[in-house]
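Okay, here's what each chain looks like letter by letter:
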Amino acid sequence: MTRTTQRFERAPDPARMLSVYLNDHLAGAGAGVALFHRMSQTHTGTPAGRRLAELAAEVTEDRESLRELMTVLDVPLMHHKILLGIAAERAGRLKLNGRLVSRSPLSNILELEAARVGVEGKKELWRTLRALSRTDSRIDGEAVGRLLARAERQADALETMRLTALERTFHSGPCSGNSPAPRGRGISWKRGWSP
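Structural notes, computed from the coordinates. Bear in mind that the values here come from a model prediction, so they are computed numbers and not experimental data. Residue numbers here run from 1 along each chain, matching the order of that chain's written sequence. Given that this is a predicted model, residues contribute local features only at a pLDDT of at least 70 and side-chain atom pairs are listed and counted only at 80 or more, while totals for whole chains, interfaces and linings are drawn from all residues. Water and hydrogen atoms play no part in the side-chain values, which are based on all heavy atoms of the structure.

Examining the pattern of salt bridges
Then comes step 1: We define a salt bridge as a contact between a side-chain nitrogen of Lys or Arg and a carboxyl oxygen of Asp or Glu at a distance within 4 Å. Counted under the stated rule, the structure contains 15 salt bridges.
Then comes step 2: Here D62 makes a salt bridge to K122, at a shortest N to O gap of 2.6 Å. One end of the pair, D62, is in helix α3 (residues 47–72); the other, K122, is in helix α5 (residues 105–132), and 60 residues separate them in sequence. In terms of burial, D62 and K122 fall into one category: buried.
Then comes step 3: For E124, the salt bridge identified is with R127, shortest N-O distance 2.5 Å. Placement of both E124 and R127 in helix α5 is noted, with a separation of three residues, approximately one turn of the helix. Numbering goes from the N terminus for both helices and strands, where a helix is a DSSP run of H or I of at least four residues and a strand is a run of E of at least two. Think of it in three bands: residues with accessible area under 20% of the maximum for their type are buried, residues over 50% are exposed, and the middle band is partly exposed, with areas taken using a 1.4 Å probe on protein chains only.

Examining α3
Then comes step 1: For α3, built from 26 residues, the straight-helix expectation of 38 Å at 1.5 Å per residue is met to within 8% by its first-to-last C-alpha distance of 38 Å.
Then comes step 2: Inspection of α3 places G49, L52, L55, A56, E58, V59, D62, R63, L66, L69 and M70 among the buried residues, and these make up the whole buried set.
Then comes step 3: Throughout, a contact is declared for two residues whenever any of their heavy atoms are within 4.5 Å. Of the surrounding elements, those touching the buried residues of α3 are α2 (14–42), α5 and α6 (141–170).
Then comes step 4: Looking at the residues trailing α3, positive phi occurs at D74, about 60°. Multiply 1.5 Å by the residue count of a helix minus one, and that product is the helix's expected span.

Some points on the nonpolar core
Then comes step 1: Residue types Ala, Val, Leu, Ile, Met, Phe, Trp, Tyr and Cys, when buried and joined through side-chain atoms within 4.5 Å, form a set referred to as a nonpolar core. Within the largest apolar cluster, 33 residues are counted, with the highest numbers of intra-cluster contacts made by L22, F36, W126, L129 and L158.
Then comes step 2: Those elements giving two or more residues to this core turn out to be α2, α3, α5 and α6.
Then comes step 3: No other element matches α6, which puts nine residues into this core.
Then comes step 4: Not counting chain neighbours up to four residues away, the residues in contact with L129 comprise L22, L69, I139 and V144.

Here's the deal with the environment of L66
Then comes step 1: If you trace the backbone, L66 turns up in helix α3.
Then comes step 2: Residue classification places L66 among the buried residues on the basis of a relative accessible area of 2%.
Then comes step 3: It is 9.6 Å that separates the C-alpha atoms of L66 and L125, two residues lying 59 residues apart in sequence.
Then comes step 4: Once residues within four sequence positions are removed from consideration, L66 is found in contact with L22, H25, L26, L125 and W126.

Quick notes on the layout of surface pockets
Then comes step 1: A cavity here means a set of points on a 1 Å grid, drawn over the protein atoms and nothing else, where a 1.4 Å probe fits but cannot get out; a pocket is an open set with protein on both sides within 12 Å along at least five of seven lines, and a residue lines either one if it has an atom within 4 Å of a point. Grid points are joined across faces, edges and corners, and a volume is the space filled by probe spheres set on the points. Space inside the second largest pocket adds up to approximately 300 Å³.
Then comes step 2: Along the walls of the second largest pocket sit 16 residues, with A48, M161, T164, A165 and R168 positioned nearest its centre.
Then comes step 3: At the level of elements, α3, α5 and α6 are the ones that each hand at least two residues to the lining of the second largest pocket.
Then comes step 4: Looking at the lining of the second largest pocket, the element that brings in the most residues is α6, giving five residues.
Then comes step 5: Among the residues making up the lining of the second largest pocket, the classes are represented as eight nonpolar, five polar and three charged. Residues are sorted three ways: Asp, Glu, Lys and Arg are charged, Ala, Val, Leu, Ile, Met, Phe, Trp, Tyr, Cys and Pro are nonpolar, and all the rest, Gly among them, are polar.

Focus: the packing of α3 against α5
To describe two helices that pack against each other, one gives the angle between their axes and the distance between the axes.
Then comes step 1: Where α3 meets α5, the closest approach of the two axes is 13 Å, and the angle between their N-to-C directions is 35°. For α3 against α5, the interelement crossing comes out left-handed. Between α3, through L52, V59, D62, L66 and L69, and α5, the contact on the second element is made entirely by L112, K122, L125, W126 and L129.
Then comes step 2: Residue composition of the contact of α3 with α5, grouped by class: eight nonpolar, no polar and two charged. Axis definition: a line fit to C-alpha positions, over the contact stretch in the case of helices; interaxial angles, taken between N-to-C directions, run 0 to 180 degrees. Each crossing is labelled by how the near helix is turned from the far one, with a counterclockwise turn of less than a right angle marking it left-handed and a clockwise turn marking it right-handed.

Observations concerning the packing of α2 against α3
Then comes step 1: Here α2 crosses α3 at 160°, and the two axes come no closer than 9 Å. For the element pair α2 / α3, the angle class is roughly antiparallel. Pair α2 / α3 crosses with left-handed handedness. Counting all contacts with α2, which are made through L22, N23, H25, L26, A29, G30, V33, F36, H37, M39 and S40, the residues of α3 involved are G49, L52, A53, L55, A56, V59, T60, R63, L66, R67 and M70.
Then comes step 2: Class assignment for the residues of the contact of α2 with α3 results in 13 nonpolar, seven polar and two charged. Small angles under 35 degrees read as roughly parallel and large ones over 145 as roughly antiparallel, with 65 to 115 read as roughly perpendicular and the rest as oblique.

Side note on the side chain of S133
Then comes step 1: When you line up the elements, S133 lands in the loop between α5 and α6.
Then comes step 2: Judged by its relative accessible area of 18%, S133 falls in the buried class.
Then comes step 3: The residues touching S133, leaving out its near neighbours within four places in the chain, are I139 and G141.

Here it is, written out as C-alpha cells:
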C-alpha cells in the first residue's frame, strides 16, 4: 500500500473537519458583510438602500453569531481564510459589467445575485448546525433555527430586489417579448423567455 493510498484511507478527524468548515463559512460571511455594506452605501437615500442597510446589519449580526458559536465549540480562527474571503470580495468588484468607467445597471443585478448566493450558503450552514445540535449539546438548536428563519427572509428580500432590478434593466430588451426570438446552436428559444 502506497503512502498516497494510506492518506486517503485515514479516517477524518471530525473536530478538524468542523474547524475548517466553520472557518470557511466565516470567511464567506466576512465577504458577505463587505458586499452588503457596499451595496447599501451605493443605494443610500433610496428604498433599496434602507432595506440593504437593514440586511447589512443583520448579516453582520449573523457573522458575530457564528464567531460566538465557534468560541463555544472551541474552534480557533484561521486568519488566512478570513483574509482570503476579504480578498475575494474585493476581486469581485473588478468584474466586467459592460462599462469601463461608470457603474452599470448590471452591477446591481450581479451584486444582488452574489449576495443571494451567499445567503443560500449561510442557510445551509445553519441547517448543518441545527442537525449537529441533536448530538452536540453545546449548540443551541433553537437559536440556530431562528438564524435559519432569518436567512430565509433575507433570501426572499434579495430575490424581490433582484426581480425589480431585472425589470428596470431589461424591461425594453429581449426579455420583454418586443424583440424577435434569438436563434442558435440547437436551443429552442421562446419569445419573452430567457434562461
